[in-house]
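For reference, the chains in residue letters:
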Amino acid sequence: MLYELLTSMSDDYGTLNVFNYLTFRTGISLFTAFLISFLLGPRVIFMLKAKQKKGQPIRDDGPESHILTKQGTPTMGGFLILLGLSAGTLLWADLSNPYIWACLLVTTGLGFIGFLDDYAKITRSSTAGVSGKVKLLLEIAISLGAVLIIMNTAGEEYGSKLALPFLKDVMVDLGWFMIPFAIFVLVGASNSVNLTDGLDGLAIVPVIIASGTFAIIAYVVGNVVYTDYLNLTYIQGTGELAVFLAATIGAGLGFLWYNAPPAMVFMGDTGSLSLGGALGAVSVITKHEIVLAIVGGLFVLETVSVIVQVASFKLTGKRVFRMAPIHHHYEKKGWAEPTIVIRFWIIAVLLALVGLATLKLR
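Along each chain, numbering runs from 1 in the same order as the chain's sequence is written. Side-chain atom pairs in this predicted model are given and counted only at pLDDT of 80 or more, local residue features only at pLDDT of at least 70, and totals for whole chains, interfaces and linings cover all residues. Side-chain numbers here rest on the full set of heavy atoms in the structure, without hydrogens or water.

1. A word on the overall build of the chain
Thinking step 1. Of the regular secondary structure elements, the chain holds 15 helices and two strands.
Thinking step 2. Residues counted as buried form 54% of the 362 residues belonging to the chain.
Thinking step 3. Counting contacts in the chain only where the partners sit at least 6 residues apart, residues at least 24 apart contribute 75% of the total. Secondary structure is summarised from DSSP: a helix means a run of H or I of at least four residues, a strand means a run of E of at least two, and numbering begins at the N terminus for each. Partly exposed describes any residue whose relative accessible area lies between the buried limit of under 20% and the exposed limit of over 50%, with all areas from a 1.4 Å probe on protein chains only and scaled to the type maximum. Two residues qualify as a contact provided that any one of their heavy atoms is within 4.5 Å of a heavy atom in the partner residue.

Below you can see the structure in the form of structure tokens.
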């Protein structure tokens, strides 16, 4: 939007050429998204409090401290993230790039599903929102639309191929199986972030870290000089995703200002589903789906803990963890909430560094 206007003027005004630089637009996208999220935060939180008299419903079987400290805190704070993210992207990204629209489709579409789920929980005063089957079908439908855009844009050369980390020049052609695989990545990433969102600041910072990591990956994969040096597959147009991911970081930082312990607002499914889906979409576009499992290893750990807990209880009648997802297990063990959150952040940083190492080790 604004990017197109300024670049069209750059022919007449040489000083505006700076807007042609991807790195500049990436930085200003982050700053724009942060300002919108930060400045609108108080008004959005006030509005959510006014509409949600009791705040987000708290699980009865959850940690006892949650009933005392989190009762009455409004949810749907993900709306604040979506505002900043969308504005930063629409203002500063090249909107002729189909990858940008694929990411926006996933982010806003899954965010709308999350909104419906949050709304159902609030109106029913229950932790049970939209039916799990209905949510899954909607998530698959939106992911399918985005995957088709991505594959069509990538073309026959790369659309159906999967890159393997640590292996040079190795790409596996999945054929039509790439469609269900990519959908699995998007839906899986979306719900993994959703499961992680259980403590103040726990999900948003790892999302910011993962977004920063994939901003570097997208920029490198979209630059023929860097891909040649690092023996990576060059995917034309992926560099523009750095603008989208920078907006994600900026909006996330603005939201974190109000989500830092003790949280003034929760992101809810509105935020967690959309942010996870965004990361999944970027990983599919850049052909780094497997690397996402490394960079987002914290989200994987949370998801696996739930799967193990459910499977163990159904098969043996016994629980492996005191409570799942695993961050609640440590709460039950007596760890303070800030201790859990910060230690999980440290894990997220270390995993991001491992993910970046795969770029050079190929």
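Next, the rest of the story.
2. Brief notes about empty space enclosed by the protein
Thinking step 1. Definitions used for this entry: grid spacing 1 Å over protein atoms alone; cavity, a set of points where a 1.4 Å probe fits but cannot get out; pocket, an open set with protein on both sides within 12 Å along at least 5 of 7 lines; lining residue, one with an atom within 4 Å of a point. Grid points are joined across faces, edges and corners, and a volume is the space filled by probe spheres set on the points. Scanning all chains against the criterion turns up one cavity of 30 Å³ or more.
Thinking step 2. Looking at the largest cavity, its volume works out to about 40 Å³.
Thinking step 3. In this structure, the largest cavity is lined by Pro-206, Ile-209, Ala-210, Val-295, Gly-296, Leu-298, Phe-299 and Ala-348.
Thinking step 4. For the lining of the largest cavity, the secondary structure elements donating two or more residues are α8 (204-221) and α13 (297-316).
Thinking step 5. A per-element tally of the lining of the largest cavity places α8 first, with three residues.
Thinking step 6. Along the lines of polarity and charge, the residues of the lining of the largest cavity split into seven nonpolar, one polar and no charged. Under the grouping applied here, Gly and all other residues not named as nonpolar or charged are polar, the nonpolar ones being Ala, Val, Leu, Ile, Met, Phe, Trp, Tyr, Cys and Pro and the charged ones Asp, Glu, Lys and Arg.

3. Some thoughts on a nonpolar patch on the surface
Thinking step 1. Patch rule: a residue counts if its relative accessible area is over 30% and it has no salt bridge; like charges are joined within 9 Å, and nonpolar side chains (Val, Leu, Ile, Met, Phe, Trp, Tyr) within 5 Å. Values of accessible area rely on a 1.4 Å probe in the Shrake-Rupley scheme; residue burial ignores everything except the protein chains shown. Any carboxyl oxygen of Asp or Glu that lies within 4 Å of a side-chain nitrogen of Lys or Arg is treated as forming a salt bridge with it. A cluster of nonpolar side chains, contributed by Phe-112, Phe-115, Leu-116, Tyr-119, Val-134 and Leu-138, occupies part of the molecular surface with about 530 Å² of accessible area.
Thinking step 2. Looking at which element gives the most residues to the nonpolar patch, the answer is helix α5 (residues 98-124), with four residues.
Thinking step 3. With respect to the element layout, Leu-138 can be found in helix α6 (residues 132-158).

4. A short note on the pattern of salt bridges
Thinking step 1. For the structure shown, the criterion picks out five salt bridges.
Thinking step 2. Between Lys-121 and Asp-117 there is a salt bridge whose closest N-O contact spans 3.3 Å. Taken together, the residues span about one helical turn, with Lys-121 and Asp-117 both in helix α5 at a distance of four residues.
Thinking step 3. Put simply, Lys-135 and Asp-117 hold a salt bridge, and the shortest N to O gap is 3.4 Å. Of this pair, Lys-135 sits in helix α6 while Asp-117 is found in helix α5, placing the two residues 18 residues apart along the sequence. Note on accessibility: Lys-135 and Asp-117 belong to one class, buried.
Thinking step 4. Here the salt bridges do not stand alone but share partners, grouping Asp-117, Lys-121, Lys-135 and Asp-269 into one network.

5. So, the packing of aromatic side chains
Thinking step 1. We call Phe, Tyr and Trp rings a pair once their centres come within 6.5 Å, taking the six-membered ring for Trp, and we label the pair stacked below 30 degrees between planes, edge-to-face above 60, and tilted otherwise. Within this structure, the stated rule accounts for eight aromatic pairs.
Thinking step 2. Here, a charge over a ring is recorded when the distance from Lys NZ or Arg CZ to the ring centre is within 6 Å and its angle to the ring normal is within 35 degrees. Here the basic side chain of Arg-343 rests over the ring of Trp-335, its NZ or CZ set 4.8 Å away from the ring centre.

6. Let's talk about unusual backbone geometry
Most peptide bonds adopt trans geometry, and most residues besides glycine take a negative phi value.
Thinking step 1. Following Pro-261, the chain continues to Pro-262 via a peptide bond in cis, the omega torsion being -10°.
Thinking step 2. With respect to the element layout, Pro-262 can be found in the loop between α10 (241-259) and α11 (268-285).
Thinking step 3. Note that the residue after Ala-324, namely Pro-325, is joined by a cis bond; omega there is 0°.
Thinking step 4. Positive phi, normally seen in glycine, also occurs at Met-76, with a value near 70°.
Thinking step 5. For Met-76, the location among the structural elements is in the loop between α3 (64-69) and α4 (78-92).
Thinking step 6. Here the phi dihedral of Lys-287 falls at roughly 65°; this positive angle occurs in a residue that is not glycine.
Thinking step 7. By the secondary structure assignment, Lys-287 is in the loop between α11 and α12 (289-295).
Thinking step 8. On the accessibility criterion, Lys-287 (3% relative accessible area) is buried.

7. Digging into the nonpolar core
Thinking step 1. Membership of the largest hydrophobic core comes to 90 residues, with the highest contact counts inside it found for Ile-204, Leu-241 and Phe-244.
Thinking step 2. In terms of residue count, α8 provides more of this core than any other element does, 12 residues in total.
Thinking step 3. For Ile-204, the residues in contact, after removing those within four places along its chain, are Ile-81, Gly-252, Phe-255, Leu-256, Asn-259, Met-267 and Leu-275. By nonpolar core we mean a set of buried residues, namely Ala, Val, Leu, Ile, Met, Phe, Trp, Tyr and Cys, connected to one another through side-chain atoms within 4.5 Å.

8. Concerning the confidence of the model for the chain
Thinking step 1. Per-residue confidence from the predictor is given as pLDDT, running between 0 and 100. Confidence along the chain averages 88 in pLDDT terms, with 89% of residues attaining 70 or more.
Thinking step 2. Taken element by element, the chain is modelled with least confidence in α3, mean pLDDT 54, and with most confidence in α10, mean pLDDT 97.

9. Brief notes about the packing of helix α7 (residues 178-196) against α13
Thinking step 1. One can describe the packing of α7 onto α13 by two numbers: an axis separation of 8 Å at closest approach and a directional angle of 80°. It follows from the interaxial angle that α7 and α13 lie roughly perpendicular. Residues Ser-192, Val-193, Leu-195 and Thr-196 of α7 form the contact with α13, whose own contacting residues are Phe-299, Glu-302, Thr-303 and Val-306.
Thinking step 2. Tallied by class, residues from the contact of α7 with α13 come to four nonpolar, three polar and one charged. Angular values range over 0 to 180 degrees, each being the angle between N-to-C directions of two axes fitted as lines to C-alpha atoms, with helices fitted over their stretch in contact. Each angle is binned into one of four classes, with values under 35 degrees roughly parallel, values over 145 roughly antiparallel, values of 65 to 115 roughly perpendicular, and all other values oblique.

10. Here's the deal with the layout of surface pockets
Thinking step 1. Each pocket or cavity is described by its volume, and for the second largest pocket that value is around 400 Å³.
Thinking step 2. Listing elements by their share of the lining of the second largest pocket, those giving two or more residues are α7, α11, α12 and α13.
Thinking step 3. No other element matches the eight residues that α7 contributes to the lining of the second largest pocket.

11. Some words on α11
Thinking step 1. To estimate the expected span of a helix, subtract one from its residue number and multiply by 1.5 Å. Taking 1.5 Å per residue as the helical rise, α11 with its 18 residues ought to reach 26 Å, and the 26 Å between its terminal C-alpha atoms agrees with that figure.
Thinking step 2. Of all 18 residues making up α11, 18 are buried, and the element is well covered by its neighbours.
Thinking step 3. Looking one or two residues beyond α11, the residue adopting positive phi is Lys-287, at roughly 65°.

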